[in-house]
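# Report on the structure
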Amino acid sequence: MLAERFAALRGEIERELAACGRARESLSILAVSKKQSLAAIREAHAAGLRLFGENYLQEAAEKFAPLRAEGLALELHFIGHLQSNKAAKIAALADCVQSLDREEAATALERGAERAGRILPVLLQLNISPSERFGCLPAEAPRFAERIRAHAHLRLDGVMAVAPIATDRGLISAAFEEAAKTFALVGGTTLSIGMSGDWREAIRAGSTMLRIGSALFGARPS
Ligand SMILES: *Cc1c(COP(=O)(O)O)cnc(C)c1O
């Protein structure tokens, strides 16, 4: 059951935070609901989760339009690869776009946010992993952050990154440390690092938001 998995995971997360001398409120959990059913999302909401992450525009729109129509309190974060031709629709749908990784996509999001008459919170997606195709290189992040901030309808809240796929925990920690260092340069309130398999390393590196899929919902249906 999701509620039991969430309770157990939250307990473990709180123990890790305490071990790091960190307050419970310094970290939020985004439930990554890609490929999960509407029923599973409702279950997660009933268990107390309020932040949800989706990777695909169409799927996100189909599942979250009805939930919003019901007036359910929640935030939808877009965490998938940001295609420029879908950016306008994503800018109108999402409460936050975490996967902003290049100028072309920033321009497209800006246009969409302006048309929707809103200020869109975004995170700069960093590439800290050779196994990850997308993301802005850390060395280029401060300059890209300036460019994002030049857009009137985007609000840059911090950075997001995906760790390398590695069995060496030290490699994962080193990548997260690099993300934290870059976050300090970029500024903002949100360091979105840590998934089901690497949230401990992420908390130790200073994560303020974990993105958890399978550890909450169970394995994704294929
Ligand atoms: C799928 C996904 C997650 C969640 O992955 P789990 O390993 O299931 O926790 C987190 N972040 C991004 C960007 C994802 O695509």
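So, here is what we can say about the structure in this document. Keep in mind that what you see is a predicted model, and the values were worked out from it rather than measured. Note that residues are indexed from 1 along each chain, following the sequence as it is written. Given that the model is predicted, a residue must reach a pLDDT of at least 70 before its local features are reported, and side-chain atom pairs must reach 80 or more before they are shown or counted; all residues, however, enter totals for whole chains, interfaces and linings. As a rule here, side-chain values cover all heavy atoms of the structure and leave hydrogens and water aside.

## Looking at the pairing of strand β2 (residues 51-54)
Residues Leu51 and Gly53 line one face of β2 and the alternating positions Phe52 and Glu54 line the opposite face, and both faces are buried. In this structure, strand β1 (residues 28-32) lies alongside β2, joined through three bridges in parallel fashion. Within the sheet, the bridge partner assigned to Ala31 lies in β2 and is Phe52. The parallel pair β1 and β2 is bridged by helix α2 (residues 38-46), and the resulting crossover is right-handed. The path from the first strand over the helix to the second decides the hand: if it runs clockwise while the strands point away from the viewer, the crossover is right-handed. By the criteria applied, helices consist of DSSP H or I runs no shorter than four residues and strands consist of E runs no shorter than two, each listed in order from the N terminus. Following the chain from β2 across helix α3 (residues 57-69) to the adjacent parallel strand β3 (residues 75-78), one finds a crossover that is right-handed. Accessible area is worked out with a 1.4 Å probe on protein chains only. A residue is then buried under 20% of its type maximum, exposed over 50%, and partly exposed in between. By the convention used here, strands pair only if DSSP detects at least 2 bridges between them.

## Digging into the site of the ligand
All residues in the neighbourhood of the ligand are listed as Val32, Lys34, Asn55, Ile79, Met195, Ser196, Arg211, Ile212, Gly213, Ser214 and Arg220. Between an oxygen atom of the ligand and a side-chain N or O atom of Lys34, the distance comes to 2.7 Å. In the model, a nitrogen atom of the ligand is placed 2.9 Å from a nitrogen or oxygen of the Arg211 side chain. Values of accessible area rely on a 1.4 Å probe in the Shrake-Rupley scheme; residue burial ignores everything except the protein chains shown. In isolation the ligand exposes 390 Å². Once the protein is present, 88% of that is buried. Residues are grouped as follows: Ala, Val, Leu, Ile, Met, Phe, Trp, Tyr, Cys and Pro are nonpolar; Asp, Glu, Lys and Arg are charged; every other residue, Gly included, is polar. Class assignment of the residues belonging to the shell around the ligand gives a composition of four nonpolar, four polar and three charged. We call a residue near a molecule or strand when any one of its heavy atoms sits within 4 Å of it. Here a polar contact is recorded for every N or O atom pair within 3.5 Å, except that within protein the pair must consist of a potential hydrogen donor and a potential acceptor, and residues adjacent in sequence are included only if both atoms are side-chain atoms.

## So, the packing of α2 against α3
Packing of α2 against α3 leaves a shortest axis separation of 10 Å and a crossing angle of 45°. Considering the angle they form, α2 stands oblique to α3. The hand of the α2/α3 crossing is right-handed. Where α2 abuts α3, its residues Leu38, Ile41 and Arg42 lie against Lys63, Phe64, Pro66 and Leu67. Axis definition: a line fitted to C-alpha atoms, over the contacting stretch in the case of helices. Angles run 0 to 180 degrees between N-to-C directions. An angle counts as roughly parallel when it lies under 35 degrees, as roughly antiparallel when it exceeds 145, as roughly perpendicular when it falls between 65 and 115, and as oblique in every other case. Note: crossing handedness is left-handed where the near helix turns anticlockwise from the far helix by less than a right angle, and right-handed where it turns clockwise. Contacts were defined at the residue level, with two residues in contact if any of their heavy atoms lie within 4.5 Å.

## Digging into the nonpolar core
Across soluble globular proteins, nonpolar side chains show a tendency to be buried alongside one another. Core analysis: the largest hydrophobic core is formed by 65 residues, its most contacted members being Leu100, Leu109 and Leu124. Ranked by residues supplied to this core, first place goes to helix α7 (residues 169-186) with seven residues. With near-sequence residues (within four places) excluded, Leu124 lies in contact with Gln98, Leu100, Cys136, Ala141, Phe144, Ala145, Ile148, Leu156, Gly158, Val159 and Met160. Judged by nonpolar contacts, the second largest core, of five residues, contains Leu30, Leu51, Ile79 and Met209. Only buried residues count toward a nonpolar core. Its members are Ala, Val, Leu, Ile, Met, Phe, Trp, Tyr and Cys residues joined through side-chain atoms within 4.5 Å.

## Concerning the packing of aromatic side chains
Stacked, tilted and edge-to-face pairs are distinguished by plane angle, under 30 degrees for stacked and over 60 for edge-to-face with tilted covering the rest, among Phe, Tyr and Trp rings (Trp via its six-membered ring) whose centres lie within 6.5 Å. In this structure the tally under the stated criterion is one aromatic pair. Relative to Phe64, the ring of Phe52 has its centre 5.9 Å away and its plane inclined at 50°; by these criteria the two rings are tilted. Highlighted residues: Phe52 in strand β2 and Phe64 in helix α3, separated in sequence by 12 residues. We classify Phe52 as buried; its relative accessible area is 0%. We call a charge positioned over a ring when the NZ of a Lys or the CZ of an Arg lies within 6 Å of the ring centre and within 35 degrees of the ring normal. One Lys or Arg, Arg10, reaches over the ring of Phe6 and ends 4.6 Å from the middle of that ring.

## Examining the pairing of β3
Two strands pair when backbone bridges link them, and β2 and β3 are joined in this way by four bridges, in the parallel orientation. Along β3, the bridge assignment pairs Phe52 with Leu76. Between the parallel pair β3 and strand β4 (residues 96-100), the chain is carried across by helix α4 (residues 87-93), and the sense of this crossover is right-handed.

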